[in-house]
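Summary of structural features
In case you want the letters, here they are:
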Amino acid sequence: MRVLLLSDLHANLQATEAVLADAAGWERALVLGDLVGYGADPAAVIDIVRGLAHATVIRGNHDKAAAGLTNAADFNPIARHAAEWTAATLDADRAAYIRDLPQGPVSIDGLGISAVICHGAPFDEDHYLFDADDAARAFDAADEDLILYGHTHLQIAFRQTIEATAWPSNQARRIVTPLDADMVAANGTARSLVNPGSVGQPRDGDPRAAYGMLDTESGTLQLRRVVYDISEAQRRIRAAGLHPQLAERLSVGR
Ligand code: ZN
């Protein structure tokens, strides 16, 4: 089964459409939160995600802020303004959809491998998972062999292998290594922790939209990038009266 992995779409309609045009032949979709916030098209992006067949969707911190579940007090002023703009833009139906999105972690059945999705980390939906220490914490907090997360807008994967140590201690040593290319999702001796990157606001210096494609039969997970119409997304952000920095950063992927 091929599984489409989307995270941090951030109301970027042009990036979302480009990713879906590029991602052919998937049978299930997993959406790791932050459908809205920053971008100019929250309603259109919500409608696209709602229309995905066989999708499991969880909330992100920007969804919570736009839905009024958090007051965005810990957001920087530009992000807070974007959350307020999003809340004011959404009609009651779409606002309710965002408000009622489940909180991660959510276990995913029926893939043939054990998997779980979360926005930030399995132990805290709002945690930014950057390094190998955080990755080790995330592996410890979940039982599944494949952990999918977003939130940092960085496309990255970690693998945990379990090595038996020498007699007499007879204990397993867990080793976490970062990976950055196509990878084995899970094969019995290794567990994987993967961030497919951000569809709508990449922050790794590559402005192309990011997403992932999991193939459960071959046990591989591709981290993909797609060119999209950045200038149209920027034009819409400026026209909406959102902070111009939210448009400018899309050009540089920061
Ligand atoms: Zn985000």
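Model, not experiment: these values are computed from the prediction. (Residues numbered from 1 in each chain as written. Predicted model: local features only at pLDDT ≥ 70, side-chain atom pairs only at ≥ 80, totals over all residues. Heavy atoms only, no water.)

Let us look at the pairing of strand E1 (residues 2-6). For E1, a buried count of four out of five residues is recorded, marking the element as mostly surrounded by other parts of the structure. One ladder, built from four bridges, connects E1 with strand E11 (residues 209-215); its direction is antiparallel. Its bridge partner being in E11, Val3 is matched across the sheet by Leu214. Looking at chain direction, E1 and strand E2 (residues 28-31) are connected through four bridges and run parallel. Note on E2: the bridge partner recorded for Leu4 is Ala29. The handedness of the E1 to E2 crossover, carried by helix H1 (residues 13-22), is right-handed. (Buried < 20%, exposed > 50% of the residue type's maximum accessible area, 1.4 Å probe, protein only. Helix = DSSP H or I, 4+ residues; strand = E, 2+ residues; numbered from the N terminus. Pairing = 2+ DSSP bridges. Right-handed = clockwise from strand over helix to strand, strands pointing away.)

What follows covers the layout of surface pockets. Estimates place the volume of the largest pocket at around 240 Å³. Lining of the largest pocket is provided by 17 residues; of these, Asn61, Asp74, Phe75, Tyr128 and His151 occupy positions nearest its centre. If you tally residues by element for the lining of the largest pocket, the top one is helix H3 (residues 61-66), at three residues. A class-by-class count of the residues in the lining of the largest pocket yields four nonpolar, seven polar and six charged. (1 Å grid on protein atoms, 1.4 Å probe; cavity = no way out; pocket = protein on both sides within 12 Å on 5 of 7 lines; lining within 4 Å. Points joined across faces, edges and corners; volume = space filled by probe spheres on them. Nonpolar A, V, L, I, M, F, W, Y, C, P; charged D, E, K, R; others polar.)

Core analysis: the largest hydrophobic core is formed by 45 residues, its most contacted members being Leu6 and Leu35. Per element, the largest residue contribution to this core is five residues, and it comes from helix H4 (residues 77-89). The contact partners of Leu35, leaving out residues within four places of it in the chain, are Leu9, His10, Ala11, Val45, Val49, Val57, Ile58, Asp63, Tyr97, Ile98 and Leu101. Val106, Leu111, Ile117 and Leu223 belong to the second-largest nonpolar core, a separate cluster that totals 18 residues. (Core = buried A, V, L, I, M, F, W, Y, C linked by side-chain atoms within 4.5 Å. Contact = heavy atoms within 4.5 Å.)

Attention now moves to the coordination of the zinc ion. In an ideal tetrahedron of four donors about a metal, each angle is 109.5 degrees. In an ideal octahedron of six donors, the angles are 90 or 180 degrees. In the first shell of the zinc ion, the protein supplies Asp8 (OD), His10 (NE2), Asp34 (OD) and His153 (NE2), at 2.0 to 2.4 Å from the metal. Between the four donor atoms coordinating the zinc ion, the angles at the centre fall across 90 to 176°, so the site counts as irregular. Counting along the primary sequence, the residues that act as donors to the zinc ion give the motif D-x1-H-x23-D-x118-H. With Asp8 in the loop between E1 and H1 and His153 in the loop between strand E6 (146-148) and strand E7 (155-164), this pair connects stretches of sequence that are 145 residues apart. (Donors = N, O, S within 2.8 Å, 3.2 Å for Na, K, Ca; no water. Tetrahedral: all angles 85-135°; square planar, octahedral: opposite > 155°, others 65-115°.)

On to unusual backbone geometry, then. For the bond from Gly104 to Pro105, the omega torsion is 5°, close enough to zero to count as cis. Structurally, Pro105 is set in the loop between helix H5 (92-99) and strand E4 (106-108). Despite not being glycine, Tyr38 has its phi angle at roughly 85°, a positive value. Of note, Tyr38 is situated in the loop between E2 and helix H2 (42-50). When its relative accessible area of 9% is taken as the criterion, Tyr38 is described as buried.

In this structure the tally under the stated criterion is one aromatic pair. Centroid distance Tyr128 to Phe130: 6.1 Å. Interplanar angle 10°. Geometry classified as stacked. It is Arg249 that lies over the ring of Tyr38; its NZ or CZ is 5.9 Å from the centre. (Phe/Tyr/Trp six-rings, centres within 6.5 Å; stacked < 30°, edge-to-face > 60°. Lys NZ or Arg CZ within 6 Å of the ring centre and 35° of its normal.)

Glancing now at the side chain of Arg224. Along the chain, Arg224 falls in strand E12 (residues 220-226). A polar contact of 2.7 Å, which involves the side chain of Arg224, links it to the side chain of Gln222. The residues contacting Arg224, other than those within four sequence positions of it, are Arg2, Asp22, Ala23, Gln155, Ala209, Ala210, Tyr211 and Met213. (Polar contact = N/O pair within 3.5 Å; in protein donor to acceptor, adjacent residues only side chain to side chain.)

Quick look at empty space enclosed by the protein now. Empty pockets left among the atoms are what a rolling probe the size of a water molecule brings to light. The full count for this structure, using the stated rule, is one cavity of 30 Å³ or more. The space that makes up the largest cavity amounts to roughly 50 Å³. Contributing to the lining of the largest cavity are His10, Asn12, Tyr38, Gly39, Gly200, Gln201, Ile237, Leu246 and Leu250. Grouping the constituent residues of the lining of the largest cavity by class yields four nonpolar, five polar and no charged.

What follows is about the environment of Asp124. Within the secondary structure, Asp124 is located in the loop between strand E5 (115-117) and helix H6 (132-141). Along the chain, Asp124 and Gly104 lie 20 residues apart, while their C-alpha atoms are 8.4 Å from each other. Polar contacts involving the side chain of Asp124 include one to the main-chain amide nitrogen of Asp126, which spans 2.9 Å.

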